[in-house]
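The chain contents come next:
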Amino acid sequence: MRFTCVRWSMLSAAIVSLFGAARPAAADGLTLQPGQKLLAPITYKQLAVFPVVQTAVNRDAGQYLTLSDGLKRKLVTVSELGGGGSVNNLMVHNKSDKPLLVLGGEVVLGGQQDRILGQDTIVPAHEELRVQVFCVEHGRWSGGRHFEEAQGMADTKIRYRAKYRADQSQVWAEVAKKNAAHGAAPSTGTYRNLAAGDEGKKTLDPYRAAVGGAIARLPEKEQVVGVIAAVNGRVTSVELFAKPELFAAYRDKLLDSIYMGAADVPAIDKAEPPKPEAIGEFMRKAKVAPPRTAVETKAGKTSESRGDGVVNSTVLSPMPAAAPVYESYQSAE
């Protein structure tokens, strides 16, 4: 299949203006964090992915451990609650010297049943936190207490149903729908075959080669701090991090989530990537909505806002005036 970084000839003049020193991003209705810049989209089939790069160092100099790395290095444990466990709660113990950033939608395998994390959260160093989770394996409630690995991230639609609707039945329904769409038929109905199995690999590999490969070839690849995704010209998600190193740690998971969310949507012929002002309007709908504190620890606070068809989760460090550690905007279907 063909893909191109600049297929949208009608928008080339707008992009040149957006990138030019004399005209900031806000002039086109797209306001990113200071020092962030939108690049031209990478397109493949129905999907357009806009990389966002960091052009200046921000004030958040914090270092964060990721869930995958923490589990792999035995610095983090994820376990069922005592007394037989709870479908929608797990304990996360951060035994490291760094705060642990976990993102809503991360898949953890093992325990009594596979789960996904329900919220974006920072777990302080050397502390244990009870976290909200959602089951993505309808037909199993057996096994050990501990989860051995964080493998992949649920697709964008499942993440939305877990993070913002907090509805277990909708999560199960979407998992079943995704498994059916991609030919996965696990006996327990688990999502792991799409997150880490052959069925998922078959679906994801063409997108990984086209979009992921193009991002890897960017001259600014070491400066990428996030991505903005659109399907058939409609903005579906925005994922932004405080620094390139943190985005790099989550890049493959997040991109796979975006690919899986797009893969079963039929492509519309001649659909163009959205203009910068459309992306700005998408984000604005959530920004103007009143925020509420979803989670707060001594290592950071997660606020959420729900606008007209768009939801946002923003993770802030305790450092005054620091850029957000992580920002996520998702389409609310």
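Preceding this section is the structure that the text describes.
Residues numbered from 1 in each chain as written. Predicted model: local features only at pLDDT ≥ 70, side-chain atom pairs only at ≥ 80, totals over all residues. Heavy atoms only, no water.

Asks: Let's hear about the packing of helix α3 (residues 156–163) against helix α4 (residues 168–181): which residues, and what values?
Replies: One way to put it is that α3 packs onto α4 with a least axis distance of 9 Å and a crossing angle of 170°. By the angle between their directions, the pair α3 and α4 is classed as roughly antiparallel. Here α3 contributes K157, I158, R161 and A162 to the contact with α4, which in turn contributes Q170, V171, E174, V175 and K178. Of the residues in the contact of α3 with α4, the class split is four nonpolar, one polar and four charged. (Axes fitted to C-alpha atoms, helices over the stretch in contact; angles between N-to-C directions. Helix = DSSP H or I, 4+ residues; strand = E, 2+ residues; numbered from the N terminus. Parallel < 35°, antiparallel > 145°, perpendicular 65-115°, else oblique. Contact = heavy atoms within 4.5 Å. Nonpolar A, V, L, I, M, F, W, Y, C, P; charged D, E, K, R; others polar.)

Asks: Could you give an account of the packing of aromatic side chains, naming the residues involved and the relevant values?
Replies: How two aromatic rings sit relative to each other is set out by the distance from centre to centre and by the angle between their planes. The full count for this structure, using the stated rule, is six aromatic pairs. Centre to centre, the rings of Y44 and Y207 are 4.9 Å apart; their planes meet at 85°, and the pair counts as edge-to-face. In this pair, Y44 is assigned in strand β3 (residues 42–44) and Y207 in helix α6 (residues 198–216), connecting sequence segments 163 residues apart. By the burial criterion, Y44 is buried, and Y207 matches it. For the pair Y207 and Y259, a centre-to-centre distance of 5.7 Å together with 25° between the ring planes defines the contact as stacked. (Phe/Tyr/Trp six-rings, centres within 6.5 Å; stacked < 30°, edge-to-face > 60°. Buried < 20%, exposed > 50% of the residue type's maximum accessible area, 1.4 Å probe, protein only.)

Asks: Hey, could you go over the environment of P206 for me, with residue numbers and the actual values?
Replies: Positionally, P206 belongs in helix α6. In this structure P206 comes out as partly exposed when scored by relative accessible area, which is 32%. It is 36 Å that separates the C-alpha atoms of P206 and G144, two residues lying 62 residues apart in sequence.

Asks: Please set out the sheet that holds strand β11 (residues 121–123) residue by residue, giving values where relevant.
Replies: Pairing within the open sheet is mixed, and its three strands lie in the order β5-β8-β11. Looking along the sheet, the strands with just one partner apiece sit at the ends: β5 (65–66) and β11. Alignment of β5 against strand β8 (residues 100–102), held across two bridges, turns out to be parallel. From the neighbouring strand, T66 faces β8, where its bridge partner is L101. (Pairing = 2+ DSSP bridges.)

Asks: If you had to explain the nonpolar core to someone new, which residues and values would you point to?
Replies: Of all hydrophobic cores here, the largest spans 50 residues; its most connected members are L47, L101, I116, Y191, V211, I215 and F241. Counting residues per element, this core draws most heavily on helix α7 (residues 244–263), which supplies nine residues. If we ignore the near neighbours within four places in the chain, the residues touching L101 are Y64, L65, T66, L67, E106, T121, I122, F241, L246, Y250, V315 and V325. One finds L38, F50, L240 and M283 within the second-largest nonpolar core, a separate group that totals 18 residues. (Core = buried A, V, L, I, M, F, W, Y, C linked by side-chain atoms within 4.5 Å.)

Asks: Any chance you could break down the pairing of strand β19 (residues 326–331) for me, citing the residues and the numbers?
Replies: Of all the six residues making up β19, six are buried; the element is thus mostly covered by neighbouring parts of the structure. Neither face of β19 is left uncovered, since the one carrying Y326, S328 and Q330 and the one carrying E327, Y329 and S331 both have all their residues buried. Where strand β15 (residues 234–241) lies against β19, five bridges are found, and the strand directions are antiparallel. Looking at the pairing, V238 lines up with Y329 of β19.

Asks: Any chance you could break down helix α8 (residues 276–287) for me, citing the residues and the numbers?
Replies: For α8, built from 12 residues, the straight-helix expectation of 16 Å at 1.5 Å per residue is met to within 8% by its first-to-last C-alpha distance of 16 Å. For α8, every residue scored as buried is listed here: P276, I279, G280, F282, M283 and A286. Angular distribution of buried residues about the axis of α8 spans 155°; they occupy a single face of the element. (Expected span 1.5 Å × (residues − 1). Arc of directions from axis to C-beta.)

Asks: If you had to explain unusual backbone geometry to someone new, which residues and values would you point to?
Replies: Backbone geometry places K45, a non-glycine residue, at a positive phi of 50°. Among the secondary structure elements, K45 is positioned in the loop between β3 and β4 (47–54). On the basis of relative accessibility, which here comes to 38%, the residue K45 falls in the partly exposed class. For A166, which is not a glycine, the phi torsion comes out positive at approximately 50°.

Asks: Residue-level account of the side chain of N232, with values.
Replies: Note that N232 resides in the loop between β14 (224–231) and β15. Note on N232: relative accessible area 17%, which makes it buried.

Asks: Any chance you could break down the pattern of salt bridges for me, citing the residues and the numbers?
Replies: Scanning the model with the defined rule gives 19 salt bridges in all. Of the charged contacts in the structure, one is a salt bridge between E137 and R140, with a shortest N-O distance of 3.0 Å. For the residue pair E137 and R140, the accessibility class agrees, reading buried in each case. One salt bridge in this structure joins D155 and K178, with 3.9 Å as the shortest N-O distance. Taken together, the residues D155 in the loop between β13 (146–153) and α3 and K178 in helix α4 connect sequence positions 23 residues apart. Note on K178: relative accessible area 0%, which makes it buried. Where salt bridges share partners, they join D114, E137, R140 and R192 into one cluster. (Salt bridge = Lys/Arg side-chain N within 4 Å of Asp/Glu carboxyl O.)

In short, the description is geometric, and any link to function would need to be established separately.
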